[in-house]
Amino acid sequence: MIRQRFPYLDLAAGIMTIWVMAFHAFYPIFGTKELAVIPWFYYFMPWFFYKAGMMFHPKETTIEWSNGLKKLILTFAIWSLIGWIAHIVWHWIAGTLTPRVAFYSPLRSLVFSASVPINGALWFLPILFLVRIVGNWLLRKRIHVGIIAI
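Residues numbered from 1 in each chain as written. Predicted model: local features only at pLDDT ≥ 70, side-chain atom pairs only at ≥ 80, totals over all residues. Heavy atoms only, no water.

## So, the environment of Ser113
Next, step 1: Its location among the elements puts Ser113 in helix 5 (residues 99-113).
Next, step 2: Sequence-distant contacts of Ser113, that is, excluding residues within four places in its chain, are made with Arg108 and Trp123. (Helix = DSSP H or I, 4+ residues; strand = E, 2+ residues; numbered from the N terminus. Contact = heavy atoms within 4.5 Å.)

Structure below.
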């Protein structure tokens, strides 16, 4: 099934992608004060969830799992591994590498923040995967009130 492209959604997605890159580029300059200087900058993440929901159609559970694992979780795993290696190399070069820094801190961050050090921005991939799995299940069961509540 070929889906029709919506140019206005593609344009909005492009703008929000640039928005995300600008947000992350300005963060080292402004630090935690970034949102105080440019408060509307934080809007981009809800947009991506909104767009993902707008384009979402219920599928067979196995297809949704397979697609999500390939597109979201595999991407998350690869870039998290790269981030973890970079984290270790950074601390090794700085002379601050300890077992706690190498293993405990990244694992704790993964469990509590759904990300690893250096690649903290990837938190949305496993969360989007979970939202899609739950949304697919609720829509297939026609539990629309549940979707609104979640």
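## Points about the packing of helix 4 (residues 61-94) against helix 5
Next, step 1: Direction vectors running N to C along helix 4 and helix 5 enclose 145°, while the axes themselves pass 10 Å from each other. Two packed elements cross with a definite hand, and for helix 4 against helix 5 that hand is right-handed. Across the interface between the two elements, Phe76, Trp84, His87, Ile88 and His91 from helix 4 touch Val101, Ala102, Phe103, Pro106 and Leu110 from helix 5.
Next, step 2: Here the contact of helix 4 with helix 5 is built from residues that sort into eight nonpolar, two polar and no charged. (Axes fitted to C-alpha atoms, helices over the stretch in contact; angles between N-to-C directions. Left-handed = near helix turned anticlockwise from the far one by under 90°. Nonpolar A, V, L, I, M, F, W, Y, C, P; charged D, E, K, R; others polar.)

## Structural notes on unusual backbone geometry
Next, step 1: Phi is positive for Ala114, which is not a glycine, with a value near 55°.
Next, step 2: A relative accessible area of 15% places Ala114 in the buried class.
Next, step 3: Phi is positive for Ile118, close to 80°, though the residue is something other than glycine. (Buried < 20%, exposed > 50% of the residue type's maximum accessible area, 1.4 Å probe, protein only.)

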